[in-house]
Amino acid sequence: MERVKKKRKAKKRFTPLKIMLLIALVLIIGVGGFVGYTYYQVDQTVKKIQSPVKNTGDKIIEKQKPVSVLLLGVDQRPGEQGRSDSIMVMTLNPTRNESRLISIPRDTKVEIVGRGTNDKINHAYSFGGPEMAIKTVEQFLDIPINYYAEINMEGFTSLVDAVGGVTVNNDIDFNVDGTQFSVGKINLNGDAALKYTRMRYEDPRGDFGRQMRQRDVIAQVVSKLSSDVSVSKFNAIMDVVGENAQTNVSFKPMQTLAFDYMDAFKNQENLKLEGAGGKEADGIYYWHPTEDSLSQTKTALRYSLDLN
């Protein structure tokens, strides 16, 4: 395991709570300065976004053991189940005070557990909701998923607007639906931020470039939340979460994660799957990780969860 840790150490950097799908949890647990009515509002929001999907994490965090969270960014339109446009897994180890984050390319070809077919991993959510997505990711990465959180990508627009927009440092010039994104520091409102984070076809890095932009935008959102949270802004954020998020983490476990796992949150290592993609005999594009990269990723995640 030491060999794996050394190889990946260069990718490690301080990126506090910058994951898109964990934003719902961030907004809920990052409110230590509020009391009274605000505490009540948070509790009510958590109840509103509760999912019937059972979790296996509550007893684990009571014992201060490592946990995993599946983070889903869902592209969902009215009357549709939607697809998981963004798929991330985070592990949290409170003993070693470390967390690890892996983004899974949505075109990754895997077995869809419970359906008996091989397909793009983001279709698991379309076929069977979060339950099927959880089981499929568990099999793909060979780890248990204890919790999950999802947010509707359209709600991402409202979230950015709720904090007054963000400023990011863009490293590639591109245009999306008439909006130009130039190289350098650019200011984004909610609509522009959604376009900025969704683009991938003009990026030579493909899906990985898109994931980088998603993380950068969320890093700025979280930075604003931690430095300037007024009651009015907090109310607006709670409204966005209540309408667009869903999770099987209830309020008390969230509090435990906030206080007892915060150091692990802050000490985050970003893992990356290496691989390649292309059109197959059916004319559909799929992405495949290399055997070595997938094996190392599994080992790193299992080590983080104390499973090795």
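All chains use their own residue numbering, which begins from 1 and follows the written sequence. Given that the model is predicted, a residue must reach a pLDDT of at least 70 before its local features are reported, and side-chain atom pairs must reach 80 or more before they are shown or counted; all residues, however, enter totals for whole chains, interfaces and linings. The basis for every side-chain value is the complete set of non-hydrogen atoms in the structure, without hydrogens or water.

**Quick notes on the pattern of salt bridges**
Any two side chains of opposite charge can pair, so long as their charged atoms come close to each other.
Phase 1 of the analysis: Every case where a carboxyl oxygen of Asp or Glu lies within 4 Å of a side-chain nitrogen of Lys or Arg is listed as a salt bridge. Taken as a whole, this structure holds nine salt bridges when the rule is applied.
Phase 2 of the analysis: Here the salt bridges do not stand alone but share partners, grouping Arg96, Glu98, Arg100, Glu269 and Asp306 into one network.

**Description of the packing of aromatic side chains**
Aromatic ring pairs: the centre-centre distance and the angle between the two ring planes describe each pair.
Phase 1 of the analysis: Put simply, two rings from Phe, Tyr or Trp (the six-membered ring, in Trp's case) pair if the centres are within 6.5 Å, and we call them stacked under 30 degrees between planes, edge-to-face over 60, tilted for the rest. Throughout the structure, instances matching the rule amount to three aromatic pairs.
Phase 2 of the analysis: Ring centres of Phe174 and Phe181 lie 4.9 Å apart, and the angle between their planes is 25 degrees; this geometry places the pair in the stacked category. Assigned by exposure class, Phe174 and Phe181 land together as buried.
Phase 3 of the analysis: Considering the side-chain rings of Phe181 and Tyr196, the 5.6 Å spacing of their centres and the 45 degrees angle between planes classify their relative orientation as tilted. Here Phe181 is found in strand β9 (residues 179-181), whereas its partner Tyr196 is found in helix α7 (residues 190-198), with 15 residues between them in sequence.
Phase 4 of the analysis: Using a 1.4 Å probe on the protein chains alone, a residue whose accessible area is under 20% of its type maximum counts as buried, one over 50% counts as exposed, and one in between counts as partly exposed. Here Phe181 falls in the buried class, since its relative accessible area comes to 2%.
Phase 5 of the analysis: We classify Tyr196 as buried; its relative accessible area is 1%.
Phase 6 of the analysis: Among the aromatic side chains, those forming a connected cluster through ring pairs are Phe174, Phe181 and Tyr196.
Phase 7 of the analysis: Cation placement over rings: the criterion is NZ of Lys or CZ of Arg within 6 Å of the ring centroid and within 35° of the ring normal. Sitting over the ring of Tyr303, Arg96 keeps its end group 4.2 Å from the ring centre.
Phase 8 of the analysis: Sitting above the plane of the Phe127 ring, Arg115 keeps its charged end 3.7 Å from the centroid. Numbering of helices and strands starts at the N terminus; helices are DSSP runs of H or I of at least 4 residues and strands are runs of E of at least 2.

**Focus on the environment of Asn175**
Phase 1 of the analysis: The residue Asn175 is located in strand β8 (residues 174-176) in this model.
Phase 2 of the analysis: Its relative accessible area of 32% is what places Asn175 among the partly exposed residues.
Phase 3 of the analysis: Each C-alpha atom of the pair Asn175 and Tyr196 lies 9.0 Å from the other, and the pair is 21 residues apart in sequence.
Phase 4 of the analysis: Contacts are assigned to residue pairs with any non-hydrogen atoms lying within 4.5 Å of each other. Sequence-distant contacts of Asn175, defined by excluding residues within four places in its chain, comprise Gln180 and Glu202.
Phase 5 of the analysis: One polar contact links the side chain of Asn175 to the main-chain amide nitrogen of Gly178, over a distance of 3.2 Å.
Phase 6 of the analysis: Two N or O atoms form a polar contact when they lie within 3.5 Å of each other; inside protein one atom must be a possible hydrogen donor and the other a possible acceptor, and for residues adjacent in sequence the pair counts only when both atoms belong to side chains. Of the polar contacts made by the side chain of Asn175, one reaches the side chain of Gln180; its length is 3.1 Å.

**Section: α7**
Structural remark: α-helix, 3.6 residues per turn; residues separated by three or four positions point the same way.
Phase 1 of the analysis: Most of α7 sits inside the fold, with seven of its nine residues counted as buried.
Phase 2 of the analysis: Considered for burial, the residues of α7 that qualify are Gly190, Ala192, Ala193, Leu194, Lys195, Tyr196 and Thr197.
Phase 3 of the analysis: One side-chain oxygen of the residue at the start of α7 lies 3.3 Å from the amide nitrogen of Asp191, identifying that residue as Asn189.

**Considerations on the packing of helix α6 (residues 153-162) against α7**
Phase 1 of the analysis: Between N-to-C directions, angles cover 0 to 180 degrees, with each direction set by a line fitted to C-alpha atoms, over the stretch in contact for helices. Relative orientation of the contacting elements α6 and α7 amounts to 130 degrees, with a least axis distance of 7 Å. Classified by the interaxial angle, the pair formed by α6 and α7 is oblique. Relative to α7, α6 is oriented so that their crossing is right-handed. Where α6 abuts α7, its residues Met153, Glu154, Phe156, Thr157, Val160 and Asp161 lie against Gly190, Asp191, Ala193, Leu194, Thr197 and Arg198.
Phase 2 of the analysis: Under the convention adopted here, Pro, Cys and the residues Ala, Val, Leu, Ile, Met, Phe, Trp and Tyr are nonpolar, Asp, Glu, Lys and Arg are charged, and Gly plus all remaining residues are polar. Residue classes in the contact of α6 with α7 are distributed as five nonpolar, three polar and four charged. Angle categories: roughly parallel below 35 degrees, roughly antiparallel above 145, roughly perpendicular from 65 to 115, and oblique for all the rest. Two helices cross in a left-handed way if the nearer one is turned anticlockwise from the farther one by less than a right angle. They cross in a right-handed way if the turn is clockwise.

**Quick look at the nonpolar core**
Phase 1 of the analysis: Ranked by size, the top nonpolar core spans 48 residues in total, and within it Leu92, Val166, Phe181, Leu188, Tyr196, Val217 and Leu257 carry the most contacts.
Phase 2 of the analysis: Per element, the largest residue contribution to this core is five residues, and it comes from α6.
Phase 3 of the analysis: When near neighbours in sequence (up to four residues on either side) are disregarded, Leu188 contacts Val160, Gly165, Val166, Val168, Phe181, Ala193, Tyr196 and Val217.
Phase 4 of the analysis: Formed by 30 residues, the second largest nonpolar core is a distinct cluster that contains Val89, Ile102, Leu141 and Trp287. In plain words, nonpolar cores are sets of buried Ala, Val, Leu, Ile, Met, Phe, Trp, Tyr and Cys residues tied together by side-chain atoms within 4.5 Å.

**Considering empty space enclosed by the protein**
Phase 1 of the analysis: In this analysis, the protein atoms alone were mapped onto a 1 Å grid. Cavities are point sets where a 1.4 Å probe fits without being able to get out; pockets are open sets with protein on both sides within 12 Å along at least five of seven lines; lining residues have an atom within 4 Å of a point. Grid points are joined across faces, edges and corners, and a volume is the space filled by probe spheres set on the points. In this structure the tally under the stated criterion is one cavity of 30 Å³ or more.
Phase 2 of the analysis: Put simply, the largest cavity is a space of about 30 Å³.
Phase 3 of the analysis: Broken down by secondary-structure element, the contributors of at least two residues to the lining of the largest cavity are β2 (83-93) and α8 (207-227).

**Some details on the pairing of strand β7 (residues 166-170)**
Regular strands place their side chains on alternate faces of the sheet.
Phase 1 of the analysis: On β7, burial follows the alternation: Val166, Val168 and Asn170 on one face are buried, whereas Thr167 and Asn169 on the facing-out side are not.
Phase 2 of the analysis: Pairs of strands are assigned from DSSP output, requiring at least two bridges between the strands. As judged from the five bridges shared by β7 and strand β10 (residues 184-188), these two strands associate in the antiparallel manner. Following the sheet pairing, Val166 is matched in β10 by Leu188.

**Details of the confidence of the model for the chain**
Phase 1 of the analysis: By definition, pLDDT measures how confident the predictor is in each residue, and it falls between 0 and 100. Averaged over all residues, the pLDDT of the chain equals 81, while 81% of them reach at least 70.
Phase 2 of the analysis: Note on residues 1-35: pLDDT is under 50 here. Beyond four places in sequence and across chains, it has 101 contacts.

**A short note on the pairing of strand β6 (residues 147-152)**
Phase 1 of the analysis: β6 sits mainly inside the fold: six of its six residues count as buried.
Phase 2 of the analysis: In β6, alternate side chains face the same way, and those of Tyr147, Ala149 and Ile151 on one face and Tyr148, Glu150 and Asn152 on the other are all buried.
Phase 3 of the analysis: Inspection of the sheet shows β6 paired to strand β11 (residues 245-247) by three bridges, in the antiparallel sense. From the neighbouring strand, Ala149 faces β11, where its bridge partner is Thr247.

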